Amino acid sequence: MLLSEAVEVKPQPTTKIMEEGVINIEEEKYPELLGKIDHPPRKLYHRGHWDEDIFKNCLAVVGSRKMTNYGLMAVEKIVKEVAAAGVTIVSGFMFGIDAASHRAALDGGGRTIAVMPCGINLVHPEYQGELYGDILENQGLIISEFEGDFPPDSWTYPKRNRIVAGLSKATLIVEAAMKSGSLITAGFAKKYKRKLFALPGPITSKVSEGTNHLLKNGASLVTSSKDILDFYGLRNSPLRNSNGQKTEGREREILELLKSEAMEIDDISRKFGLSASEIGATLSLMAMKGLVFQKGRRYFANFN
Amino acid sequence: MLIKIPSALNIGLKTLGVDVEVNIASRGMPSFDIVGLASKAVDESKERVRTAIGNSGISFPSKKITVNLAPADVPKEGSFYDLPMAVGILSSIVQFKIPESSLFFGELSLDGSLRRIRGVFLMAIFAKESGIKNIFVSKQSANEAALFKEIKVYPVERLSQIVAHLGGKQLIRPVECQEIELELEKRTAEFDMSEILGQEQAKRAVEIAAAGGHNIIMIGSPGSGKTMLARAIPGILPSLNKEESLEVTKIYSVTGNIPSGGSIIRNRPFRSPHHSTSLVGLVGGGDKPHPGEISLAHRGVLFLDEFNEFPRSVLESLRQPLEDGHVSITRAGGRAKYPAEFMLVASANPCPCGYLNHPTKSCACTPREIRNYRKRISGPLMDRIDLYVEVPSVDTRNLSQDKRASKFLETSATIKKRVEKARSLQKNRFQEEPIHCNAEMKNSHIKKHCFLSPAVEGLLSKAGSSFQLSARSYFKMIKVARTIADLENSKEIEPTHMAEALQYRSHFHDELN
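Predicted, not measured: the structure shown is a model, and the values here were computed from it.

Novice: Would you take a moment to explain the interface of chain A and chain B for this structure?
Specialist: By a widespread convention, an interface's size corresponds to the accessible area lost as its parts come together. Every contact between the two is made by 33 residues of chain A and, on the other side, 35 residues of chain B. When the buried surface of chain A facing chain B is broken down by residue, Tyr 127, Arg 270 and Met 288 of chain A rank first, second and third, together holding 27% of it. A salt bridge links Arg 270 of chain A to Glu 200 of chain B; the nearest nitrogen and oxygen atoms lie 2.9 Å apart. On the surface where chain A and chain B come into contact, there are 11 residue pairs in polar contact (both at pLDDT 80 or more). Those elements that provide at least two residues to the side of chain A that touches chain B are helix 10 (265-272), helix 11 (276-289) and strand 11 (292-295) of chain A.

And the structure:
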């Protein structure tokens with residue numbers, strides 16, 4: 001994405017919480033963990049209600065803009081559960097893994113902090129205005145070390161990443177290429193002696209090269225939310241389970257199939273030897289029950 | 001000496017009688033003048049007529065010749081007045097009588113032979129309506145006119161033939177009249193559905209579209225087979241009936257799209273204009289309003305490949321004809337109304353690079369680029385497209401060996417039978433309405449003809465919240481479900497029909513993440 005594309009968009013006035021402020025490094029309210037890093041920001045501009053509790057248990061979740069479906073599923077499962085257990089999810093508000101993490105935190109009923117690479121008056125990228133509002137409405141925070149309408153630039157992103165890592169006890173890298181901003185964040189986390197988690201990925205995926213590299217070099221491997229919650233000394237809180245409903249017959253068979261691999265409708269119909277019309281009708285019904293969801297052409301089993 | 005020869009003039013799809021009056025004065029300086037709002041092409045007739053007569057072995061009279069094209073206040077276009085003028089002049093030199101109630105039209109070549117002209121079919125209809133018995137027309141265009149028993153069509157190859165015929169020396173044999181119904185049987189084979197491997201859902205969507213006359217958009221990566229699917233659609237639509245064929249032939253005749261020696265149009269039109277096509281090229285227009293691609297696709301398929309590469313203004317101009325089924329064009333040079341009842345088949349890539357959600361290639365587009373790309377198709381236009389289907393890229397090598405895939409391979413003929421059955425149900429349903437198929441239903445028709453059981457209603461309202469359907473989409477889903485029910489010969493819309501219809505809701509403008 002070109003930086004010149006950053007468009008100045010003021011948050012929509014539909015957002016009820018428009019509380020704004022600045023926190024100085026000398027103030028009591030300044031996040032303790034962030035104060036311990038090498039060059040902490042002198043001032044933190046924020047939007048949303050400043051509640052020190054939010055900084056108690058923070059997990060940074062970062063990853064590639066080129067999120068794959070695998071990355072999305074991992075975020076929707078792991079991050080959602082971690083957030084539901086009371087951990088604040090910190091991320092960078094970029095599209096891809098960042099945005100998915102904020103969204104997953106909100107879906108899990110948790111709180112989330114978006115650290116912006118620009119002034120807090122700008123929504124960047126500008127089409128994520130809805131997410132911006134939702135974060136604030138759910139007792140989250142938008143913070144930045146840049147004032148007001150400060151535009152994002154190539155150098156503001158790595159600076160932003162140091163805050164993301166600095167605020168958090170641990171950092172989870174979901175998907176990252178070898179040369180990426182996410183690995184810069186991982187580097188900061190290491191430098192600040194914070195815990196580093198990484199999600200293993202397929203060896204064929206470009207955006208898993210970075211995370212697999214981190215795992216080789218000592219990052220902790222994450223396969224479930226428990227791996228992270230153990231570190232925080234928290235326990236998995238029961239989620240509203242949409243899978244509570246019983247499935248039978250064809251729906252059950254399809255669900256079992258999709259649990260092992262996401263599939264396109266044509267493949268499913270060939271597998272069962274049934275017409276696309278019949279399978280299509282069944283999948284529509286399953287999607288409405290929340291058993292499966294569609295991404296592009298493929299159907300995924302809902303793990304939640 | 002004054003000779004009057006009947007001819008005609010096409011304005012849009014209407015035909016007007018024109019009298020070609022040739023006066024050869026016995027006095028005055030030798031000259032050749034044409035009056036009666038002749039265009040350049042008509043005015044140039046002088047040279048063609050003079051040379052063609054000379055080259056037919058008859059010396060052109062050195063007299064004062066005046067030709068009047070009456071009525072004199074309507075502009076005359078085209079080159080087909082060559083023949084009546086030549087016949088008029090010849091009759092004065094060679095001395096033959098012009099038979100009663102005969103129409104002449106044709107363009108002359110300098111060597112005295114006749115060339116193909118356009119609009120012959122329309123003139124034949126005019127001749128039939130005004131009780132004319134004989135038509136003299138070039139041989140290549142004769143089949144186009146020979147569709148009515150009442151009219152004798154004389155195929156003329158050379159000017160000298162007419163002289164011999166009218167002089168009673170050697171008669172031209174009229175073309176045998178062709179039965180329209182028999183002609184319609186001679187359909188050429190279309191691209192067959194069974195040649196498309198895989199794509200079960202897309203094929204089903206295309207079948208539903210054909211059965212209900214719905215417009216459809218296909219989204220897929222390059223090479224996924226969107227064009228093949230579109231090409232197969234005319235083959236699964238019900239065959240053209242007599243009335244439809246005549247409507248289509250009119251438009252093809254007036255635009256000169258009927259091949260040499262051809263008669264009526266037998267296959268459903270399939271038009272696929274390139275995305276650089278101008279607004280006038282697509283909807284029609286020009287100095288003298290002529291039909292555009294949408295009218296050439298009348299009763300057939302208008303396939304717009306790379307849908308969002310078309311300029312916005314061009315796409316938006318489709319909205320009204322999509323609603324009305326015809327287009328009225330008014331220009332300084334005249335006014336014309338052309339029919340445009342076509343099935344819109346659009347196709348587009350999922351993103352600018354084309355590889356979003358591709359199984360093996362990676363997409364190089366940012367969400368912003370994709371959003372901007374998709375925004376080029378406006379909401380109101382998408383609202384007029386009932387079915388939305390994503391066409392996956394398939395590995396055809398694997399599929400051709402996969403026996404399970406071949407189980408679903410159906411020929412176009414099989415699908416066509418189902419489509420025809422569904423259409424006949426719709427015909428009965430809309431007997432008392434001014435519409436023909438489910439796609440044309442307005443909200444009032446939906447209320448009247450699509451009863452939703454509580455189960456279906458519940459399903460739809462649940463879908464409304466889980467899939468965030470707009471009010472427009474609601475109606476689209478009901479229409480599509482009605483067609484699916486028709487395909488299964490079901491009186492009621494069952495929940496499964498509605499559930500399947502939901503598969504074809506549009507996600508094109510959905511939020512990307």
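Novice: In this structure, what is going on with the nonpolar core? I would like to understand it.
Specialist: If you look at the biggest cluster of nonpolar residues, it comprises 71 residues, and the most contacted ones within it are Leu 258, Leu 283 and Val 292 of chain A together with Ile 216, Met 218, Val 345 and Met 498 of chain B. Leaving out residues up to four positions away in the same chain, Met 218 of chain B has contacts with Val 206, Lys 226, Leu 229, Ala 230, Val 345, Ala 346, Ser 347, Ala 348, Val 389 and Val 391 of chain B. Phe 32, Phe 96, Phe 105 and Val 153 of chain B belong to the second-largest nonpolar core, a separate cluster that totals 64 residues.

Novice: Can you help me understand the packing of helix 8 (residues 200-212) of chain B against helix 19 (residues 412-429) of chain B in this one?
Specialist: Packed helices, taken two at a time, are described by their axes: the angle between them and the distance between them. Residue and element names in this part refer to chain B. Contact pair helix 8 / helix 19: the axes reach a minimum separation of 8 Å and the direction vectors enclose 35°. Note on packing geometry: the crossing formed by helix 8 with helix 19 is right-handed. Of the residues in helix 19, those touching helix 8 at Glu 207, Ala 210, Ala 211 and Gly 212 are Ile 415, Arg 418, Val 419, Ala 422, Arg 423 and Gln 426.

Novice: Is there a simple way to think about the sheet that holds strand 10 (residues 216-220) of chain B in this case?
Specialist: By definition, the strands of a sheet pair up through backbone hydrogen bonds, in either a parallel or an antiparallel sense. All names here are of chain B. The parallel open sheet is built from 5 strands, whose spatial order is 11-14-17-10-18. Both outer strands of the open sheet, strand 11 (270-271) and strand 18 (387-391), are each paired with one neighbouring strand and no more. Here strand 11 pairs with strand 14 (residues 301-304) via 2 bridges, running parallel. Bridge pairing in strand 14 places Phe 270 opposite Val 301. Helix-sheet contacts for helix 8 involve strand 10, strand 17 (343-348) and strand 18, and the interaxial angle to strand 18 is about 155°.

Novice: What is the right way to read the domain arrangement of chain B from this model?
Specialist: All names here are of chain B. Entries for chain B in the domain assignment read domain 1 (2-166) and domain 2 (193-503). A straight line from the C-alpha centre of domain 1 to that of domain 2 covers 44 Å. Taken together, the contact pairs 15 residues of domain 1 with 20 residues of domain 2. Seen at the junction of domain 1 and domain 2, the total is 1 salt bridge. With its nearest N and O atoms 3.5 Å apart, the salt bridge here joins Glu 77 to Lys 288. Summed over the shared surface of domain 1 and domain 2, the result is 9 residue pairs in polar contact (both at pLDDT 80 or more). Among the elements of the structure, helix 4 (120-129) and helix 5 (139-145) are those that each provide at least two residues to the side of domain 1 that touches domain 2. For the side of domain 1 that touches domain 2, the leading source of residues is helix 4, giving 4 residues. Of the residues contributing to the side of domain 1 that touches domain 2, the split by class is 6 nonpolar, 5 polar and 4 charged.

Novice: What am I meant to see in the side chain of Ser 263 of chain B here?
Specialist: All names here are of chain B. Within the secondary structure layout, Ser 263 lies in the loop between helix 10 (242-254) and strand 11. For Ser 263, a relative accessible area of 6% puts it in the buried group. Engagement of the side chain of Ser 263 in a polar contact is seen with the side chain of Gln 178, the distance being 3.3 Å. When residues no more than four places from it in sequence are discounted, the contact partners of Ser 263 are Asn 143, Glu 144, Gln 178, Glu 183, Thr 249 and Ile 258.

Reading the values: rules and limits
- Residues numbered from 1 in each chain as written.
- Chains lettered and ligands numbered in written order.
- Predicted model: local features only at pLDDT ≥ 70, side-chain atom pairs only at ≥ 80, totals over all residues.
- Heavy atoms only, no water.
- Contact = heavy atoms within 4.5 Å.
- Buried area = accessible area lost by both parts, 1.4 Å probe.
- Salt bridge = Lys/Arg side-chain N within 4 Å of Asp/Glu carboxyl O.
- Polar contact = N/O pair within 3.5 Å; in protein donor to acceptor, adjacent residues only side chain to side chain.
- Helix = DSSP H or I, 4+ residues; strand = E, 2+ residues; numbered from the N terminus.
- Core = buried A, V, L, I, M, F, W, Y, C linked by side-chain atoms within 4.5 Å.
- Buried < 20%, exposed > 50% of the residue type's maximum accessible area, 1.4 Å probe, protein only.
- Axes fitted to C-alpha atoms, helices over the stretch in contact; angles between N-to-C directions.
- Left-handed = near helix turned anticlockwise from the far one by under 90°.
- Pairing = 2+ DSSP bridges.
- Domains from an automatic or database assignment.
- Nonpolar A, V, L, I, M, F, W, Y, C, P; charged D, E, K, R; others polar.

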